[in-house]
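Overview (structure and organization)
Each chain, letter by letter, is given below.
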Amino acid sequence: MTSSLKVKWCVCVCVRERESVYPTVDIFQSDTVVCVRTMSFLNTLRQWDKAVGCAEQKNTETALEVFLDIEDKNSKISYNIGCLHLANGDFDAAEKAFDFSIGKDGHLAVAFAQRGITFYKKEKYEEALADFKLALKELRDNNLIDYSPLGLRYKLHACEVLHNMGLVHAQLGDWEKAQENLFSALARKAEAKFKHIDLALEAILKHKLFELAEIRPGLLFKPNQKYVSELEKKDYLGKAKVVASVVHQDEFSGFAPLQPQVEDVPSTPIRSHSLRALKGEPHTVLYEFYPETVEELAVLPGNVVFVLEKGTDHWASVIFNERRGLVPYNYLRPLDNTLIHQHGQNDDAIPGPPVRNPPARPKRRTPISPDKTNETEDPGESAGCLMKVHFLYTVVITVLPGIPYRTLLHKISTKLNLPASAITLSYVKSGKKVTIDESEMTSVWKGVVDGRLTLWCALSQVPDETTPAITQVVALHSYESTNPEDLQFRQGDVITVLSKVNADWLEGRCNGKTGIFPASFVQHLKKDH
């Protein structure tokens, strides 16, 4: 090899039509330059996935060792290292890891939030406040950031960052600033689950501290599973499988000379593999059959059905085209394998239609269930009345004709997920809607046409359990509306309560406007006022 010769070794890996780019390492040896494209990206993926698996199994020590062995650590991996150190109580190591993560990605808001929590636990309140402000800045006036697309199943909420800022101000003795932060957090609370913000505001008004809002330990960034799945070796050809063979029960899938055929052929041909694979005995249909109930199955002459059970009333439970139902057994004939063999020798011959008239339809004395796996099903559900109920939306149920009013009301209330006492049913009688009660049920069932009936449902005029016992409240603090549905008011305003939304929010009217507002901002108006 001469000194002027350049040798290049290139290793490329394609992941679903995308070529991964790896760092290039130049090695100088005399006058020869050897360019090696390393596999660090693949190694990083393997170690990252292994470390996350160890952490999910609560083996944090092994997870930390694997993470620290990764040569090319990105911001997410460094964030994971910081979270593990933080969970172990090693705040200095956690601070260094979060520093490295932020150095790699200066816009990772969750890393600023975690480093702020680390500083708070180290009682470095000024540094913690600065990091919480940077996390809020990276939120860019959004109420939350969902990190799920990046591999972290966590949503960073602005209200929790403001909550922690209020706590830091309280630690620094600035109670007025802490109260301002918590009011802002309350206004930006996107979900009702953040009850700790309301409790924090109550504590601040009493000049008391409250708990820090932390990210649950164990939540780590995971590598892209699409790339992780490509790390495993795949056998795209697979293993050969015997589809057809002249040798009975032949499972050999390799390469070999032709096997000798069987000399003594049995008198009766072997049953077709496709017929052996299906459950039931094969029968051919002799006559066209029209079903009269939902349990019966329509078949045509020449169809091949598989009989699962034959009843004493000459009805059979059969399978046809992956559907199960009942067919008269005298419309069927067992399928002879010799006939299949003969038809296979003369495929061009088209059998003519049967010349006999179909036999009489047998009476069903002991009906066979077409699906034994559904024995617990209500008999009225399969051969009942199809009832359409118009509410705020339309629902359809199947009921047994003639059931009493209480049973019907229970089935409809269960379908609508409402208490039976909260709804009223009606139907059309002589062109007018009539409320249904027990005395009207005879007329209701007379209105069934072709197995169908239409009813209307309305909410009863009953007291709303969610309405508060009080009718008026007085505002303890001013509330600025941030959404169109919010109610804005000033401290001291009297608000008429209309309804209770949930444990944290009320709906009311004030100054001619209607909207919702936090219940913690008001108190009951005493009668003497």
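Residues numbered from 1 in each chain as written. Predicted model: local features only at pLDDT ≥ 70, side-chain atom pairs only at ≥ 80, totals over all residues. Heavy atoms only, no water.

Notes on the packing of helix H2 (residues 60-69) against helix H3 (residues 75-88)
Basically, it comes down to this: Inter-axis angles, ranging from 0 to 180 degrees, are taken between N-to-C directions of lines fitted to C-alpha atoms, where helices are fitted over the stretch in contact. Counting from the N terminus, the helices are DSSP H or I runs at least four residues long and the strands are E runs at least two residues long. By definition in this entry, angles of less than 35 degrees are roughly parallel, angles greater than 145 are roughly antiparallel, angles of 65 to 115 are roughly perpendicular, and the rest are oblique. Put simply, a crossing is left-handed when the front helix is turned counterclockwise from the back one by less than a right angle, and right-handed when it is turned clockwise. Residue contacts are defined here by distance: any two heavy atoms, one from each residue, within 4.5 Å place the two residues in contact.
It is the contact of H2 with H3, at a shortest axis distance of 10 Å, that shows an interaxial angle of 150 degrees. Judged by the inter-axis angle, H2 sits roughly antiparallel to H3. The crossing of H2 and H3 is left-handed. In contact with Thr60, Ala63, Leu64, Phe67 and Leu68 of H2, H3 contributes Ile77, Asn80, Ile81, Leu84, His85 and Asn88.

Let's talk about the packing of helix H4 (residues 91-104) against helix H5 (residues 109-121)
Where we set the bar: Amino acids outside the nonpolar list (Ala, Val, Leu, Ile, Met, Phe, Trp, Tyr, Cys, Pro) and the charged list (Asp, Glu, Lys, Arg) are all regarded as polar, and Gly is one of them.
Closest axis-to-axis distance for the H4/H5 pair is 10 Å, and the angle between their directions is 155 degrees. Taken together, the axes of H4 and H5 lie roughly antiparallel to each other. Relative to H5, H4 is oriented so that their crossing is left-handed. The residues of H5 that touch H4, namely those facing Phe91, Ala94, Glu95, Phe98, Asp99, Ser101 and Ile102, are Ala111, Phe112, Gln114, Arg115, Thr118, Phe119 and Lys121. Here the residues of the contact of H4 with H5 sort into seven nonpolar, three polar and four charged.

Regarding the sheet that holds strand E18 (residues 472-475)
Operational definition: For two strands to be treated as a pair, DSSP must find no fewer than two bridges joining them.
One open sheet holds the five strands; their spatial order is E21-E20-E19-E18-E22, and the pairing between them is antiparallel. With one partner strand each, in any of the chains shown, strand E21 (513-518) and strand E22 (522-524) form the two edges of the open sheet. Ignoring which end each strand starts from, the neighbouring axes of this sheet average 45 degrees apart. As paired elements, strand E20 (residues 505-510) and E21 share six bridges and run antiparallel to each other. Note that in E21 the partner of glutamate 507 across the bridge is isoleucine 516.

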